Amino acid sequence: MNRINGNVIASYLYLVFFALIILLPLLWVVSTSLRLPVESYSLPPKWLPTDFMWENYWEVLFSYYYERDGTFVGSQASANVPFPHLMLNSFIVCFFVTIGQVFFCSFAGYAFARLAFPGKTALFWFVMATMMIPLQVTIIPIYVLLSKLGLTDSLTGLILPAIPSAFGTFLMRQYYLRIPSALEEAMIMDGASQWQVFWRVFFPLATPGMVVLAILAFNYHWNEFFRPLILISTDTTFTVPLGIVALRDYKMTGSISVVLAGIVISMIPALIIYLFGQKHLVEGILTGSVKG
Amino acid sequence: MLNIASLKKTKARLALLFVAPTMLGILAFTAGPIAFSFILSLFYWDVLSPMKFAGLSHYNYLLQDDVAVTTLKNTIYFAVMVVILQNIIGFSLAMAVRNVANKYFRYFFRSVFFLPLVMSGATVSVFMAYFFNTDFGIVNYYLELVGIGSVRWLTSTQMVLVTTVLVYAWQHIGITFILFLGGFASIPEEVIVAADIDGLTGWRKIFYIYVPMVSPTIFFSSVIGFIHAVQVFDHPYILTRGGPGDANRTAVMYIYEKAFQDLEFGYGSTLAIILFLIILIATILQFYVQKKWVFYE
Amino acid sequence: MANVRLVGLTKKFDGNTVVDNVDVDIEHGEFIVLVGPSGCGKSTTLRMIAGLEDMTEGKIMISDRTVNLIQPKDRDVAMVFQNYALYPHMNVYKNISISLSMRGVDKTEIDKRVKETAAILGLENLLYRLPKQLSGGQRQRVAMGRAIVRQPAVFLFDEPLSNLDAKLRVQMRTEIKKIHQRVSTTIIYVTHDQTEAMTLADRIVVMNEGKIEQIGAPQDIYDHPKTKFVASFIGSPSMNFVGCEVVKKGHSYFIKLDENVMIPLPKQYHAEKDALLDRDLEFGFRPEHVTEPRSSVDRHKFNVTVDVLEPLGNDTMVYFTLAGRSCCARVSPEYAAEAGRGIELDLDFAKVHLLDGVTNRIVPAYNNA
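Because the structure is predicted, anything quoted here is derived from the model rather than measured.

Describing the layout of surface pockets
Inference 1: What the second largest pocket holds in volume is close to 1,100 Å³.
Inference 2: Lining the second largest pocket are 29 residues, with A:Asn7, B:Met95, B:Asn99, B:Ile206 and B:Tyr210 sitting closest to its centre.
Inference 3: When residues of the lining of the second largest pocket are traced back to their parent elements, those giving at least two are helix 1 (2–33) of chain A together with helix 3 (66–98), helix 8 (189–197) and helix 9 (202–213) of chain B.
Inference 4: Of the residues that constitute the lining of the second largest pocket, the class distribution is 17 nonpolar, 7 polar and 5 charged.

A closer look at the pairing of strand 16 (residues 299–311) of chain C
Residue and element names in this part refer to chain C.
Inference 1: Of the pairings in the sheet, the one linking strand 16 to strand 19 (residues 342–348) comprises 7 bridges and is antiparallel in character. The residue of strand 19 that forms the bridge with Lys301 is Asp346.
Inference 2: In terms of strand pairing, strand 16 meets strand 17 (residues 316–322) through 5 bridges, oriented antiparallel. Among the inter-strand pairings, Pro311 is bridged to a residue of strand 17, identified as Thr316.
Inference 3: The turn joining strand 16 and strand 17, which pair antiparallel and follow one another in sequence, is formed by 4 residues; a positive phi near 105° is taken by Gly313.

Points about the interface of chain A and chain B
Inference 1: Taken together, the contact pairs 90 residues of chain A with 91 residues of chain B.
Inference 2: Interface area, chain A with chain B, both sides summed: about 8,200 Å², of which 80% is carbon and sulfur.
Inference 3: In this structure, the salt-bridge partner of A:Asp249 is B:Arg241, at a minimum N-O distance of 3.5 Å.
Inference 4: Counting across the chain A and chain B interface gives 15 residue pairs in polar contact (both at pLDDT 80 or more).

With respect to the interface of chain A and chain C
Inference 1: Of the residues lining the interface, 15 residues belong to chain A; the matching set on chain C comes to 22 residues.
Inference 2: Both sides of the chain A and chain C interface together cover about 1,600 Å² of buried area, and 66% of this is carbon and sulfur.
Inference 3: Together, A:Met189, A:Asp190 and A:Arg200 form the three largest contributors to the area buried by chain A at its contact with chain C, with a combined 44%.
Inference 4: Linking chain A with chain C are 2 salt bridges, by the criterion used here.
Inference 5: A salt bridge links A:Asp190 to C:Arg150; the nearest nitrogen and oxygen atoms lie 4.0 Å apart.
Inference 6: One can count 8 residue pairs in polar contact (both at pLDDT 80 or more) joining chain A with chain C.
Inference 7: Breaking the side of chain A that touches chain C down by element, the ones donating at least two residues are helix 8 (182–189) and helix 9 (194–205) of chain A.
Inference 8: Examining the composition of the side of chain A that touches chain C, we find that 7 residues originate from one element, helix 8 of chain A, more than from any other.

What to know about the packing of helix 8 of chain B against helix 9 of chain B
Residue and element names in this part refer to chain B.
Inference 1: The interhelical angle for the contact between helix 8 and helix 9, taken along N-to-C directions, is 165°, at an axis separation of 11 Å. Classed by the angle they form, the pair helix 8 and helix 9 counts as roughly antiparallel. The two elements helix 8 and helix 9 meet at a crossing, and its hand is right-handed. Listed contacts from helix 9 to Val191, Ile192, Ala195 and Asp196 of helix 8 are Lys205, Ile209, Tyr210 and Met213.
Inference 2: Residue composition of the contact of helix 8 with helix 9, grouped by class: 6 nonpolar, no polar and 2 charged.

Digging into the environment of B:Val100
Inference 1: Relative to the helices and strands, B:Val100 resides in the loop between helix 3 and helix 4 (103–114).
Inference 2: For B:Val100, a relative accessible area of 1% puts it in the buried group.
Inference 3: With residues up to four places along the chain from it excluded, the contact list for B:Val100 reads A:Tyr12, A:Leu15, B:Phe105, B:Arg106 and B:Phe109.

Structural notes on the domain arrangement of chain C
Inference 1: Examined at the domain level, chain C breaks down into domain 1 (4–227) and domain 2 (240–356).
Inference 2: Taking only C-alpha atoms into account, the centre of domain 1 of chain C sits 40 Å from that of domain 2 of chain C.

Quick look at the domain arrangement of chain B
Residues and elements named next belong to chain B.
Inference 1: Domains assigned within chain B are domain 1 (1–40) and domain 2 (57–293).
Inference 2: The gap between the C-alpha centroids of domain 1 and domain 2 is 36 Å.
Inference 3: Each partner contributes residues to the interface: domain 1 has 4 residues there, and domain 2 has 7 residues.
Inference 4: For the domain 1 and domain 2 pair, buried surface summed over both sides reaches about 440 Å², with 73% attributable to carbon and sulfur atoms.
Inference 5: On inspection of domain 1 and its partner domain 2, the count reaches 0 salt bridges.
Inference 6: At the junction of domain 1 with domain 2, the criterion picks out 0 residue pairs in polar contact (both at pLDDT 80 or more).

Considering helix 12 (residues 251–261) of chain B
Residues and elements named next belong to chain B.
Inference 1: Counted residue by residue, helix 12 has 10 buried out of 11 residues, so it is predominantly covered.
Inference 2: Along helix 12, the positions that sit buried rather than exposed are Ala251, Val252, Met253, Tyr254, Ile255, Tyr256, Glu257, Lys258, Ala259 and Phe260.
Inference 3: Immediately beyond the C-terminal end of helix 12, within one or two residues, lies Leu263, with a positive phi of roughly 55°.

Focus: the packing of helix 8 of chain A against helix 9 of chain A
Residue and element names in this part refer to chain A.
Inference 1: Viewed as axis vectors pointing N to C, helix 8 and helix 9 meet at an angle of 140°, and their least axial separation amounts to 10 Å. Comparing the axis directions of helix 8 and helix 9 gives the class oblique. Like other packed secondary-structure pairs, helix 8 and helix 9 cross with a definite hand, here right-handed. Contact residues: helix 8 offers Leu183, Glu184, Met187 and Ile188, while helix 9 offers Gln194, Gln196, Val197, Arg200, Val201, Phe202 and Leu205.
Inference 2: Of the residues that constitute the contact of helix 8 with helix 9, the class distribution is 7 nonpolar, 2 polar and 2 charged.

As for the sheet that holds strand 1 (residues 4–13) of chain C
All names here are of chain C.
Inference 1: Read across the open sheet, the 4 strands follow the order 2-1-4-5; overall the sheet is antiparallel. Lying at the two open borders of the sheet, with one neighbouring strand each, are strand 2 (16–26) and strand 5 (65–66).
Inference 2: Here 2 bridges tie strand 4 (residues 57–62) to strand 5, and the two strands are oriented antiparallel to one another. When the bridges of strand 5 are listed, Met61 appears paired with Thr66.
Inference 3: Across the sheet, helix 1 (residues 42–50) lies against strand 1, strand 2 and strand 4, angled at about 115° from strand 1, the strand it touches most.

Examining the sheet that holds strand 16 of chain C
Inference 1: Read across the sheet, 5 strands follow the order 15-19-16-17-18 (chain C) without closing on themselves; strand pairing throughout is antiparallel. Two strands close off the open sheet at either side, each with one partner strand: strand 15 (290–291) and strand 18 (325–331) of chain C.

Focus: the nonpolar core
Inference 1: By size, the foremost hydrophobic cluster in this structure holds 236 residues, and its most contacted members are A:Tyr176 and B:Phe127.
Inference 2: Take this core: its biggest share by element is 15 residues, from helix 13 (residues 256–290) of chain A.
Inference 3: Those residues in contact with A:Tyr176 that lie beyond four places of it in its chain are A:Ser106, A:Gly109, A:Tyr110, A:Ala113, A:Arg114, A:Phe198, A:Phe202, A:Phe203, A:Ala206 and A:Met210.
Inference 4: Counting residues in hydrophobic clusters, the runner-up holds 45 residues, among them C:Val114, C:Leu127, C:Ile179 and C:Ala201.

Some points on helix 4 (residues 136–148) of chain C
Inference 1: Over its 13 residues, helix 4 of chain C extends 18 Å from the first C-alpha to the last, a length consistent with the 18 Å expected when each residue adds 1.5 Å.
Inference 2: Most of helix 4 of chain C sits inside the fold, with 10 of its 13 residues counted as buried.
Inference 3: Those residues of helix 4 of chain C not exposed but buried are C:Gly137, C:Gln140, C:Arg141, C:Val142, C:Ala143, C:Met144, C:Gly145, C:Arg146, C:Ala147 and C:Ile148.
Inference 4: Summarising the contacts, the buried residues of helix 4 of chain C are in contact with helix 8 of chain A together with strand 6 (77–80), helix 2 (92–102), helix 3 (107–121), strand 7 (154–158) and helix 5 (166–183) of chain C.

Let's talk about the pattern of salt bridges
Inference 1: Here the structure, examined in full by the defined rule, presents 26 salt bridges over all chains.
Inference 2: Close ionic contact of A:Glu185 with C:Arg47 constitutes a salt bridge, the shortest N to O distance being 2.6 Å. One end of the pair, A:Glu185, is in helix 8; the other, C:Arg47, is in helix 1, on a second chain. Comparing A:Glu185 with C:Arg47 shows no difference in burial state: the two are buried.
Inference 3: With its nearest N and O atoms 2.2 Å apart, the salt bridge here joins B:Arg249 to B:Asp246.

How each quantity is defined
- Residues numbered from 1 in each chain as written.
- Chains lettered and ligands numbered in written order.
- Predicted model: local features only at pLDDT ≥ 70, side-chain atom pairs only at ≥ 80, totals over all residues.
- Heavy atoms only, no water.
- 1 Å grid on protein atoms, 1.4 Å probe; cavity = no way out; pocket = protein on both sides within 12 Å on 5 of 7 lines; lining within 4 Å.
- Points joined across faces, edges and corners; volume = space filled by probe spheres on them.
- Helix = DSSP H or I, 4+ residues; strand = E, 2+ residues; numbered from the N terminus.
- Nonpolar A, V, L, I, M, F, W, Y, C, P; charged D, E, K, R; others polar.
- Pairing = 2+ DSSP bridges.
- Contact = heavy atoms within 4.5 Å.
- Buried area = accessible area lost by both parts, 1.4 Å probe.
- Salt bridge = Lys/Arg side-chain N within 4 Å of Asp/Glu carboxyl O.
- Polar contact = N/O pair within 3.5 Å; in protein donor to acceptor, adjacent residues only side chain to side chain.
- Axes fitted to C-alpha atoms, helices over the stretch in contact; angles between N-to-C directions.
- Parallel < 35°, antiparallel > 145°, perpendicular 65-115°, else oblique.
- Left-handed = near helix turned anticlockwise from the far one by under 90°.
- Buried < 20%, exposed > 50% of the residue type's maximum accessible area, 1.4 Å probe, protein only.
- Domains from an automatic or database assignment.
- Core = buried A, V, L, I, M, F, W, Y, C linked by side-chain atoms within 4.5 Å.
- Expected span 1.5 Å × (residues − 1).

Here you go:
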């Protein structure tokens with residue numbers, strides 16, 4: 001009995017230790033984002049917020065447009081990044097990529113799961129094979145292609161190549177496979193066309209898969225850094241992660257509170273998704289890791 | 001016969017319509033580019049002037065390019081360290097969570113370990129760089145406090161890759177943790193009871209029962225972790241831009257620099273193809289070994 | 001008139017003949033049950049009628065119209081599926097009405113017909129529930145409602161009760177019968193459960209290995225099975241079969257089961273009695289025709305040792321060995337002895353069958369008064 005209790009206590013201590021390793025840095029990030037810039041590096045570190053400098057947040061969000069006293073300077077730019085622009089850019093990219101992936105992967109996934117067509121197996125293996133090809137390996141030709149199309153340094157250039165998704169197709173196919181085929185026959189008997197079978201029954205019933213796919217796509221592109229770094233060069237076209245790094249580089253070590261304020265803002269959408277969609281996120285990441 | 005045949009035809013037509021956009025997209029943005037990468041690797045090209053055939057000279061040059069060799073070494077070294085660290089931590093955390101009876105606590109720990117995964121590698125690296133700062137960093141402050149003394153986490157060539165491993169592992173521990181949770185859950189209860197009856201306890205039980213029983217998970221998480229880790233870019237790039245020297249320069253960073261800073265698209269593609277081959281080998285290994293190496297079924 | 005004719009219907013699949021030259025004529029308003037063990041081709045036949053599956057050869061006619069090349073939706077048939085196949089994301093009303101709305105029926109008409117259908121099935125209060133909020137029996141009813149609302153020429157039922165528990169199955173059986181009486185549409189119903197077939201059908205089509213074994217009214221099939229398969233498939237517990245030969249002793253003919261058991265040849269076989277001599281035969285009798293001794297002329301009493309007793313409450317099944325074969329008798333509970341004891345049983349002569357051991361067909365009996 002004693003040994004078991006010992007195990008349990010040791011386990012808890014171990015888990016709490018790692019939980020602190022995860023949580024303390026985040027706590028420090030939040031607390032320090034609310035500190036006077038000059039105190040941001042103060043040692044010993046203060047884990048909890050000491051003061052509440054909401055001005056740091058004001059500076060991240062608006063100093064590109066306004067002087068401290070509220071004078072509008074347009075996009076004349078002080079040493080800062082146009083954060084609201086970047087938030088909007090990131091939202092636009094995430095929104096269209098997510099919607100696009102949900103629809104097109106639903107179509108393709110349904111075809112692979114439920115429709116017979118010549119060359120289906122070969123095409124499916126082709127999709128599976130492309131799933132293992134990392135973006136980092138294909139980025140040079142993608143860049144060349146987009147610059148030929150005149151799509152570099154534009155949000156369209158970020159969105160368009162991200163919509164066709166081998167992984168999303170695979171994920172949606174798995175969900176369509178779970179829907180009993182008797183429903184298709186029932187619809188046929190009820191007088192449905194092939195399109196109606198898809199649109200009125202299979203598509204709505206695959207919503208759980210779409211939620212998983214949407215959460216993953218949104219989260220991935222919200223956080224994405226490599227592709228925007230290569231494709232985007234104008235600061236008003238930046239996405240949020242580019243902006244954070246640019247902000248860090250502007251501020252150097254002078255005023256990390258402001259950078260951290262930016263980080264906190266940038267994490268909000270991801271945290272909202274995390275709070276409401278953790279289950280889907282886990283499921284999606286597991287499917288993702290299982291297949292490349 | 002005609003009625004099903006015509007049904008089949010409409011089905012095939014709809015299918016074509018449904019797969020066409022995604023297939024074209026994959027052709028244009030994945031399959032085409034990988035083929036084009038290979039072709040580019042046989043040419044000199046700086047975008048501005050016309051392409052010039054290079055044969056295998058890029059591949060030859062790669063063997064003599066110390067930076068390329070260093071970045072590949074760094075990448076493999078990084079990935080191996082990540083895999084070892086993540087397996088140990090993921091395994092032990094999943095073991096520990098099994099001892100937590102309260103389901104809310106379990107959910108809490110799971111949520112916490114999963115939290116960094118939803119963040120951007122870029123932003124994590126930004127604030128982690130503050131943490132590991134040699135002079136002002138919190139990590140060094142506590143190390144000095146306990147008498148170990150300050151470590152040049154990001155400024156010493158010996159430490160910087162380790163630091164990157166730590167930051168990367170911090171962010172990705174949730175995946176291995178979840179994989180091992182699944183692995184443990186699939187161990188038949190009888191096996192554990194039998195081990196108890198045989199009097200196996202503590203470390204012996206872990207090494208004779210748990211480790212072999214989750215060996216498929218260990219293998220799986222290792223290959224997957226490896227494949228993901230060799231693609232690392234955000235963390236070393238943001239932490240130190242690859243420095244000091246080339247100590248933190250990884251393969252993808254070198255591809256990026258060669259192609260997009262030096263405009264050597266041909267050589268950049270050569271590096272990309274090499275990285276692709278490494279990932280391909282790992283994937284094939286996983287595909288074949290996974291089928292054979294299963295201890296329980 | 002909604003009659004259905006299957007002419008030489010054949011389905012080959014990967015070289016196997018799943019349905020083999022099936023001919024059935026179904027009258028308007030008839031309740032036909034296709035029954036047989038799994039894999040006998042009954043479901044495939046039904047799916048071919050529905051148009052969900054192609055036929056290899058033959059012809060299907062619905063209302064005197066050949067429908068071979070007609071799409072399922074234009075065949076004027078509705079189908080109730082084994083797992084109901086209710087659309088999980090639509091409420092009961094939508095489930096029932098979708099076939100009408102896809103056919104462009106106008107809204108007020110749809111509403112009227114859905115309400116009528118709901119009234120027939122007692123679903124009025126459940127119209128706005130989702131399938132997952134319904135019990136098994138209610139789902140079953142919605143599935144039927146979906147078929148009824150279309151007012152088709154023919155209903156097809158594919159093992160519709162197999163997912164219900166025993167009690168509900170009996171209840172739904174009665175309900176289906178009531179609905180049939182009410183709408184009097186032609187029904188083709190597939191089941192592997194011979195009790196269901198017996199209780200529901202106007203006529204039963206017994207199928208085995210893709211072929212029709214026998215078509216007939218339930219009682220007729222029960223009383224006069226034509227093949228060993230039908231004899232043993234219909235009726236529960238199934239008919240006992242014991243190898244035998246017909247022998248002549250003096251002027252009398254006997255059925256000889258073994259050295260110890262000789263039974264006088266029943267009257268219905270006397271017309272052809274000489275033709276029965278020296279043939280490879282089997283003697284068949286139903287458990288319910290072997291009882292405790294009763295006083296009647298046409299009966300034969302014999303003694304056996306009880307192997308096992310199975311009390312059912314109203315009756316007790318007695319298992320015994322006769323000429324090396326395990327047989328079963330149905331006796332009244334008061335009469336049942338205990339296992340291992342001898343017991344006297346009494347066989348009803350008029351109801352026994354002789355089976356040709358070579359062709360596996362029942363030897364036709366005459367004089368069945």
